[in-house]
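Observations on chain architecture
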Protein chains: 2
Amino acid sequence: MVLAEAGGLCEDRRTARPRSPDFGGTRVALVRLVIARCQVDYVGRLTAHLPMAPRLLLVKADGSVSIHADDRAYKPLNWMSPPCWLEEQPGVWTVRNKVDESLVITIDEVLHDSKHELGVDPGLVKDGVEAHLQELLAAHPGVLGEGYTLVRREYMTAIGPVDLLCRDADGRSVAVEIKRRGEIDGVEQLTRYLELMNRDPLLAPVAGVFAAQQIKPQARTLAEDRGIRCVAVDYDALRGTESKDLRLF
Amino acid sequence: MVLAEAGGLCEDRRTARPRSPDFGGTRVALVRLVIARCQVDYVGRLTAHLPMAPRLLLVKADGSVSIHADDRAYKPLNWMSPPCWLEEQPGVWTVRNKVDESLVITIDEVLHDSKHELGVDPGLVKDGVEAHLQELLAAHPGVLGEGYTLVRREYMTAIGPVDLLCRDADGRSVAVEIKRRGEIDGVEQLTRYLELMNRDPLLAPVAGVFAAQQIKPQARTLAEDRGIRCVAVDYDALRGTESKDLRLF
DNA sequence: ATCTATATTTCGAGG
DNA sequence: CCTCGAAGTATAGAT
């Protein structure tokens with residue numbers, strides 16, 4: 001490995017730790033960090049060029065390569081997503097994928113080069129996304145309208161699933177679209193569902209409710225113009241109602 | 001700096017190089033790479049937890065902090081975008097931002113810790129995005145339809161600019177929406193424009209053309225159902241027509 | 001500041 | 001494998 005020798009190599013020396021499942025004999029999953037003066041040329045979905053400058057090259061075990069500057073938060077200047085393959089020549093790295101996109105990294109000087117074994121990550125536990133909001137509203141349809149009852153979650157139509165299908169106090173169908181943030185896209189989506197469902201004589205008439213933690217003014221205007229009722233949902237309050245024994249932060 | 005001492009510190013020792021413009025006296029922009037066994041808790045737009053495991057911590061000069069596993073391409077498991085502030089305590093990093101989102105990184109063991117000066121990146125040069133496609137189609141409206149002529153690029157309406165306004169062979173107005181990849185959103189967008197423009201007696205009737213390098217089947221179906229014609233554009237061929245002296249890949 | 005449209009979006013689920 | 005919807009989307013441009 002040419003460039004590994006060029007920089008100050010710092011290999012991890014830790015021993016017994018949960019191993020990556022693909023660790024059988026010779027290959028160990030490693031993340032590799034290189035600081036180098038480099039130039040980058042990408043040809044693929046677009047064409048992009050980075051002039052020679054010092055940057056961070058991050059090579060992960062999944063095969064991905066990303067080129068970072070010391071800015072733009074976590075987004076790299078340039079990258080190649082897996083599956084892809086890195087070929088190292090002295091002074092030139094070439095990363096290629098199946099559809100023949102390529103990233104050519106011309107390296108002028110290596111300032112640091114180290115590898116580190118991380119193993120398989122136990123993974124992220126999330127809470128508070130749309131799924132949970134849907135779950136809570138399904139359990140408490142009264143929040144959407146007085147006397148509402150749930151008919152079905154993920155009610156399937158020809159063009160996709162409606163988040164909730166409810167019935168109002170008078171027994172009429174209501175299609176509910178749930179978003180964390182209510183924007184125009186969501187209104188359009190619900191409009192398509194309503195258009196389709198109202199053509200079905202077994203369902204029609206179907207009213208619409210657009211529920212979100214926060215609804216943008218333009219989305220609200222568009223929705224109301226189309227006769228769709230908007231409901232701003234207080235997620236934390238709803239979660240509090242749901243279970244008092246749930247630990248809150 | 002507590003943790004810098006704990007790991008094997010490798011500071012860059014390079015000297016004369018173009019400096020960051022914000023380099024005045026004491027502060028130099030550095031990227032910091034830490035490999036550590038850590039646990040992460042994020043509370044903000046959602047709540048997320050990462051159990052203790054070895055990971056890469058990337059701290060950039062813009063203040064951002066990102067936590068990477070050895071997979072998922074360039075996307076970190078968790079992060080905090082600038083502007084935000086990192087407070088280091090022995091064994092605990094706390095990253096906080098203005099709206100009081102927080103990222104708490106509990107560090108069990110530091111396996112590597114280095115800092116590197118990169119300076120300001122000269123930046124990325126791109127080519128081949130939607131703007132270029134629009135430019136090419138504006139120069140060759142005949143590709144959109146026999147006898148089409150260009151009236152205006154970015155024709156402004158009350159709800160935004162229509163990519164191209166053309167006239168067909170019979171002198172009728174045609175609104176053209178251009179996308180790299182034609183999806184349902186684009187059809188909705190064009191539909192809104194057409195609805196509005198067809199209310200204007202000076203323009204009506206206005207036909208619609210949806211042009212893209214690739215048009216998804218659902219988008220095509222929706223468009224055609226609404227009387228919008230779809231045109232698949234061969235970008236490379238069009239670019240070839242545009243200028244023979246342009247180097248092709 | 002708000003809103004719109006784009007992104008080499010990435011990522012995951014479901015057919 | 002595609003197709004679709006969600007994302008702590010982020011980001012840039014226009015109003």
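Not measured: the values here are computed from a predicted model. (Residues numbered from 1 in each chain as written. Chains lettered and ligands numbered in written order. Predicted model: local features only at pLDDT ≥ 70, side-chain atom pairs only at ≥ 80, totals over all residues. Heavy atoms only, no water.)

To continue, consider the pattern of salt bridges. Residues and elements named next belong to chain A. Per the stated rule, a full pass over the model turns up 32 salt bridges over all chains. The partner of E188 in a salt bridge is R226, and the shortest N-O contact between them spans 3.0 Å. Remark: R226 occurs in the loop between helix 4 (217-225) and strand 14 (229-232) and E188 occurs in helix 3 (residues 184-197); sequence separation between them is 38 residues. (Salt bridge = Lys/Arg side-chain N within 4 Å of Asp/Glu carboxyl O. Helix = DSSP H or I, 4+ residues; strand = E, 2+ residues; numbered from the N terminus.)

With 59 residues of chain B in contact, the opposing surface of chain A contributes 60 residues. Together chain B and chain A conceal approximately 5300 Å² of surface at their shared face, both sides included; 62% is due to carbon and sulfur atoms. It is D70, Y74 and L118 of chain B that lose the most area in chain B upon contact with chain A, and together they represent 15% of the buried surface on that side. Linking chain B to chain A there are four salt bridges. (Contact = heavy atoms within 4.5 Å. Buried area = accessible area lost by both parts, 1.4 Å probe.)

This brings us to the sheet that holds strand 12 (residues 173-182) of chain B. Residue and element names in this part refer to chain B. Strand order in the open sheet formed by five strands is 10-11-12-13-14, with mixed pairing between adjacent strands. Two strands lie at the open edges of the sheet, namely strand 10 (149-157) and strand 14 (229-232), each paired on one side alone. Ignoring which end each strand starts from, the neighbouring axes of this sheet average 30 degrees apart. Across the face of the sheet, helix 4 (residues 217-225) comes into contact with strand 12, strand 13 (206-215) and strand 14 while running at roughly 170 degrees to strand 13. (Pairing = 2+ DSSP bridges. Axes fitted to C-alpha atoms, helices over the stretch in contact; angles between N-to-C directions.)

The next subject is the confidence of the model for chain A. Residues and elements named next belong to chain A. For chain A, per-residue confidence averages 84 on the pLDDT scale, and 86% of positions sit at 70 or higher. Counting contacts from residues 1-26, a segment whose pLDDT is below 50, to residues more than four positions away or on other chains yields 44 contacts. Every residue in residues 245-249 is under pLDDT 50, and counting partners more than four places away or in other chains gives three contacts. (pLDDT = per-residue confidence, 0-100.)

Packing of helix 3 of chain A against helix 3 (residues 184-197) of chain B brings their axes to within 11 Å, and their N-to-C directions diverge by 90 degrees. Looking at the two axes, helix 3 of chain A sits roughly perpendicular to helix 3 of chain B. Each of I184, D185, E188 and R192 of chain A in helix 3 of chain A lies in contact with helix 3 of chain B, whose residues at this interface are I184, D185, E188 and R192 of chain B. Its residues assigned to classes, the contact of helix 3 of chain A with helix 3 of chain B comprises two nonpolar, no polar and six charged. (Parallel < 35°, antiparallel > 145°, perpendicular 65-115°, else oblique. Nonpolar A, V, L, I, M, F, W, Y, C, P; charged D, E, K, R; others polar.)

With respect to spatial proximity, 23 residues lie near DNA strand C, and among them N78 and Q218 of chain A together with E130, K179 and R180 of chain B are the closest. At a separation of 2.3 Å, a phosphate oxygen of DNA strand C approaches a polar side-chain atom of K179 of chain B. With respect to DNA strand C, the side chain of R192 of chain B contributes an N or O atom lying 3.5 Å from a phosphate oxygen. Its residues placed into classes, the surface near DNA strand C shows eight nonpolar, four polar and eleven charged. (Near = heavy atom within 4 Å. Polar contact = N/O pair within 3.5 Å; in protein donor to acceptor, adjacent residues only side chain to side chain.)

Turning to the relation of the copies chain B and chain A, a few remarks are in order. Rotating chain B by 178 degrees and translating it 0.2 Å along the rotation axis places it on chain A, where the RMSD comes to 0.5 Å. With respect to symmetry, the two chain copies, as superposed, fit the operation of a two-fold axis. Most of the interface of chain B is mirrored in chain A, where 97% of its interface residues again form contacts. (Least-squares fit on C-alpha atoms with pLDDT ≥ 70 in both.)

As a further point, take unusual backbone geometry. All names here are of chain B. The step from P82 to P83 runs through a cis peptide bond, and the omega angle for that step is 0 degrees. Relative to the elements of secondary structure, P83 occurs in the loop between strand 5 (78-80) and strand 6 (84-89). With an omega dihedral of 0 degrees, the bond running from A204 to P205 counts as a cis peptide bond. Tracing the backbone shows P205 in the loop between helix 3 and strand 13. In the Ramachandran plot, R72 falls in the positive-phi region, its phi being about 55 degrees despite a non-glycine side chain. Topologically, R72 is positioned in the loop between strand 4 (65-68) and strand 5. On the basis of relative accessibility, which here comes to 41%, the residue R72 falls in the partly exposed class. Residue A73 is not a glycine yet carries a positive backbone phi of 50 degrees. (Buried < 20%, exposed > 50% of the residue type's maximum accessible area, 1.4 Å probe, protein only.)

Moving on, we get to the protein's contact with DNA strand D. Lining the immediate surroundings of DNA strand D are 17 residues, of which K179 and R180 of chain A together with N78, W79 and Q218 of chain B lie closest. In DNA strand D, the atoms that sit within 4 Å of the protein are 72% sugar and phosphate, with bases accounting for the remainder. E130 of chain A has a polar side-chain atom sitting 3.3 Å from a phosphate oxygen of DNA strand D. One nitrogen or oxygen atom from the main chain of W79 of chain B is found 2.3 Å from a base nitrogen belonging to DNA strand D. The set of elements that each furnish at least two residues to the surface near DNA strand D consists of strand 12 (173-182) of chain A together with strand 5 and helix 4 of chain B. Broken down by class, the residue content of the surface near DNA strand D amounts to seven nonpolar, three polar and seven charged.

Here the focus is the sheet that holds strand 10 (residues 149-157) of chain A. Residue and element names in this part refer to chain A. With mixed pairing, the five strands of this open sheet are ordered in space as 10-11-12-13-14. Edge positions in the sheet fall to strand 10 and strand 14, since each has one partner strand and no second. Direction aside, neighbouring strands of the sheet carry axes that sit 30 degrees apart on average. By the bridge criterion, nine bridges tie strand 12 to strand 13 (residues 206-215) in an arrangement that is parallel. Paired with E177 across the two strands is F210, which belongs to strand 13. In this fold helix 2 (residues 130-139) packs onto strand 10, strand 11 (160-167), strand 12 and strand 13, with an angle of close to 145 degrees to the strand it touches most, strand 12. Running over the sheet, helix 4 touches strand 12, strand 13 and strand 14 and is turned about 170 degrees from strand 13.

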